[in-house]
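Per-entry structural report
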Amino acid sequence: MENGYSSKSLPLDAPAGIRIRGPLSDPSLNRILSREALQFVADLEREFRPRVKFNLGCRREEQARYDSGELPGFDPATRELREGDWSCSKTPAVIADRRVEITGPVERKMIINALNSGAKVFMADFEDSLSPTWDNIVRGQKNLCDAVNRSISFEDKARNKHYKLNDKTAVLFVRPRGWHLQEAHIEIDGEPATGALIDFGLYYFHNHSSFRSKHDGYGPFFYLPKMQHSREAAVWNAVFDRAEERMAAPRGSIRATVLIETLPAVFQMHEILYELREHSAGLNCGRWDYIFSFVKTVRAHPDRLLPDRFQVGMTQHFLKSYTELLIKTCHRRGVHAMGGMAAQIPIRDDPAANDTAFELVRADKLREVKAGHDGTWAAHPGLIELVTKVFDDNMPRANQLHIKRDDVHVTEADLLQMPRGVRTLEGLRHNTRVGIQYLAAWLTGTGSVPLYNLMEDAATAEISRVQNWQWIKYGAVLDGEIVAVSVSKELFGRVVEEEIGRIEREVGKKRFESGRYREAAALFARQCTKEDLDDFLTLDAYRRIVKFVPALQARL
Ligand SMILES: CC(=O)SCCNC(=O)CCNC(=O)[C@H](O)C(C)(C)COP(=O)(O)OP(=O)(O)OC[C@H]1O[C@@H](n2cnc3c(N)ncnc32)[C@H](O)[C@@H]1OP(=O)(O)O
Ligand SMILES: O=CC(=O)O
Ligand SMILES: [Mg+2]
């Protein structure tokens, strides 16, 4: 026994070439990392790792082109595919009506609440809303197994509250991590595993048969995040083919909705659907990552500075164009076009502010349903009734696949048009205050938090980071100041110090001292002031949450 971890806490019979480097203090989790499950994910890793790495290399090459002045656009080489007549496989009946989907991290109590929420679908998240600590990842898999076999329960002893599933629950979708993230606690042939393949592989291995027996031969269902090109979708499709083949499942039983949430991907929507055509369950407008990606992609273009984050709303031309093109594309190919997440959540202690928040959500959902979306996301169980009503009142059928949107003619210029608005010191302050608090939560194991009455997760925090970076890098001139003020490292340094003070006053000294706020502030400040923008905030932050079994760490 060393530092509280027994060597028995590790699965000792991992197959050759696989090393589990994370501690498993709870023996009930061992089953998740059974020899057979590890063999399944290792086989996927060995087959697909080279393609994942190649694709990440392609991302770097494409970014280098954008950095030298090019802008993304439609690929002339795939024009025929975009213009040709083909359809994706028919959507299974069990997910024909997806009018409201709730999302949330793979946390035990939240899984039960989400499945019971009245939403049609629950997207259980290993991605934007989860801090990928080893414990969260393995425990999340266990929670999902228990949810799929309906044995999940939770006891809140402090509140004397017992949680269990209702008879009728939402259909479960799972979102694995993006291709860029590794799982450092599982090493395969001497290298960290690919996070996406671990999340997908463990979940599929443990749950595929329950799904198929329950849903007419279909499932499990997935959401696929942050892709930039159809070649990445082709890898997912090949992973699905291989998983189905290994488990003797019918081809096309796995279905996945791809989030269009990067700027390069909006020019690839037909191509992405084509690659996944037997496994597709449509596309979704991941608006928050999309805004983040917009800034990231044009990071070397000083004439493309975003206005304050609050002004980059869905009625801005570039976002409206993206959603309309997504609807038209999906409906042409016979699959769902899902809407995105409004950031407002219920505000318990302020009825007037709560009414305003609900009105904003209502307006956002009304815009989505009228545009032709087939369903949308909600961040909180308290919003399900409201969002369902907007869709019920405006979408009499199970979906709107019949609405073709032939009136939509979106060009590259539409998708690249800069949003209008002002840049303010308060915008810089808000980004900083939110970015630091979000990172502090993430470093302590929580990946989605309410901040200033809004849902914040990795995607919204990324907007704060890249917007600050962009303004500092190019010395954005702030609006509304009496004398001309441009953003500099010195000004930002003062803002960070002042905002740390404000955060300490707001959260209280005790919580501030016991949290990781100073570390988060240093990390956030470094990220915002780097000469070259990091691709993802979570790559830098992940190093700080990796926790190896001490004995193994000592040996390295
Ligand atoms: C950009 C994107 O990728 S969006 C998708 C990813 N992001 C998300 O999924 C965020 C999902 N939402 C959340 O995580 C949460 O709603 C938060 C963090 C924003 C707010 O959570 P809280 O502060 O716990 O909210 P609040 O205190 O009002 O919660 C009330 C109850 O609802 C539950 N709840 C809140 N949100 C959810 C949810 N999304 N799913 C399930 N249950 C939820 C809480 O657990 C709590 O349950 P209890 O009363 O049984 O204890
Ligand atoms: O994943 C969703 C997003 O908006 O980002
Ligand atoms: Mg996202």
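Residues numbered from 1 in each chain as written. Chains lettered and ligands numbered in written order. Predicted model: local features only at pLDDT ≥ 70, side-chain atom pairs only at ≥ 80, totals over all residues. Heavy atoms only, no water.

Annotation from UniProt places "domain: Malate synthase C-terminal" (unreviewed entry) at residues 423-545. For residues 423-545, the end-to-end C-alpha separation is 34 Å, with 64% helix and 5% strand making up the annotated structure. (UniProt positions renumbered as here; feature names shortened; annotations may be inferred. Helix = DSSP H or I, 4+ residues; strand = E, 2+ residues; numbered from the N terminus.)

This part covers the site of ligand 1. Contacts to ligand 1 come from 27 residues, most closely from Thr103, Lys109, Tyr163, Arg348 and Ser448. A distance of 3.1 Å separates an oxygen atom of ligand 1 from a polar atom in the side chain of Asn113. At a separation of 2.8 Å, an oxygen atom of ligand 1 approaches a polar side-chain atom of Asp128. Protein chains bury 85% of the 940 Å² of accessible surface belonging to ligand 1 in isolation. At the level of elements, strand E2 (100-105), helix H3 (108-115), strand E5 (161-164) and strand E14 (449-451) are the ones that each hand at least two residues to the shell around ligand 1. In terms of residues, the shell around ligand 1 owes the most to one element, H3, which gives four residues. Its residues assigned to classes, the shell around ligand 1 shows 13 nonpolar, six polar and eight charged. (Near = heavy atom within 4 Å. Polar contact = N/O pair within 3.5 Å; in protein donor to acceptor, adjacent residues only side chain to side chain. Areas by Shrake-Rupley, 256 points an atom, 1.4 Å probe, with all protein chains shown as cover. Nonpolar A, V, L, I, M, F, W, Y, C, P; charged D, E, K, R; others polar.)

Our focus in this paragraph is the confidence of the model for the protein chain. Averaged over every residue, the pLDDT of the protein chain is 96; residues scoring 70 or more account for 97%. Scored below 50 in pLDDT, residues 1-9 makes 11 contacts in the model with residues more than four places away or belonging to other chains. Among the prediction metrics, the complex's ipTM stands at 0.99, with pTM recorded as 0.97. (pLDDT = per-residue confidence, 0-100. Contact = heavy atoms within 4.5 Å.)

The subject of this paragraph is unusual backbone geometry. Cis geometry marks the peptide bond from Gly219 to Pro220; its omega dihedral reads -5°. With respect to the secondary-structure elements, Pro220 resides in the loop between helix H5 (195-214) and strand E9 (221-224). Even without glycine at this site, Arg405 takes up a positive phi of about 55°. Positionally, Arg405 belongs in the loop between helix H12 (384-394) and helix H13 (412-416). Despite not being glycine, Asn453 shows a phi value in the positive range, around 70°. Relative to the helices and strands, Asn453 resides in the loop between E14 and strand E15 (454-456).

A few words now on the site of ligand 2. Around ligand 2 sit Asp128, Arg175, Leu259, Glu261, Gly286, Arg287, Trp288, Asp289, Trp377 and Ala459, and those are all the residues in its vicinity. For ligand 2, an oxygen atom lies 3.0 Å from a polar atom in the side chain of Glu261. For ligand 2, an oxygen atom lies 2.8 Å from a polar atom in the backbone of Trp288. Protein chains bury 96% of the 190 Å² of accessible surface belonging to ligand 2 in isolation. By residue class, the composition of the shell around ligand 2 is four nonpolar, one polar and five charged.

Asp128 (OD), Glu261 (OE) and Asp289 (OD) make up the full set of protein donors to the magnesium ion (ligand 3), lying at 2.0 to 2.2 Å. The sequence motif formed by the donor residues of the magnesium ion (ligand 3) is D-x132-E-x27-D. Within this pair, whereas Asp128 is found in the loop between strand E3 (121-125) and helix H4 (134-148), its partner Glu261 is found in the loop between strand E10 (255-260) and helix H7 (263-266), the two being separated by 133 residues in sequence. Pair check on accessibility: Asp128 and Glu261 agree, each one buried. (Donors = N, O, S within 2.8 Å, 3.2 Å for Na, K, Ca; no water. Buried < 20%, exposed > 50% of the residue type's maximum accessible area, 1.4 Å probe, protein only.)

Right, let's talk about the sheet that holds strand E7 (residues 182-188) for a bit. As a general point, the strands of a sheet are linked pairwise by backbone hydrogen bonds and lie either parallel or antiparallel. Strand order in this open sheet of three strands is E1-E7-E8, and the pairing throughout is antiparallel. Each edge of the open sheet is held by one strand with a lone partner, namely strand E1 (18-20) and strand E8 (191-194). Neighbour-to-neighbour, the strand axes of this sheet turn through a mean angle of 55°, independent of strand direction. Looking at chain direction, E7 and E8 are connected through four bridges and run antiparallel. Paired with Gln182 across the strands is Thr194, a residue of E8. Its contacts with the sheet put helix H1 (residues 35-67) on E1, E7 and E8, and the angle it makes with E8 is roughly 95°. Against the sheet, H5 touches E7 and E8, its axis set at about 55° to E8. (Pairing = 2+ DSSP bridges. Axes fitted to C-alpha atoms, helices over the stretch in contact; angles between N-to-C directions.)

Moving on, we come to the pattern of salt bridges. The final tally for this structure, using the stated rule, is 60 salt bridges. Close ionic contact of Arg177 with Asp199 constitutes a salt bridge, the shortest N to O distance being 2.8 Å. With Arg177 in the loop between strand E6 (171-175) and E7 and Asp199 in helix H5, the pair connects residues that are 22 residues apart, well separated along the chain. Like Asp199, Arg177 is buried. Ionic pairing is found between Glu499 and Arg433, a salt bridge with its closest N-O pair at 2.7 Å. One end of the pair, Glu499, is in helix H16 (residues 489-507); the other, Arg433, is in helix H14 (residues 425-443), with 66 residues separating them in the sequence. By relative accessible area, Arg433 is classed as buried at 3%. (Salt bridge = Lys/Arg side-chain N within 4 Å of Asp/Glu carboxyl O.)

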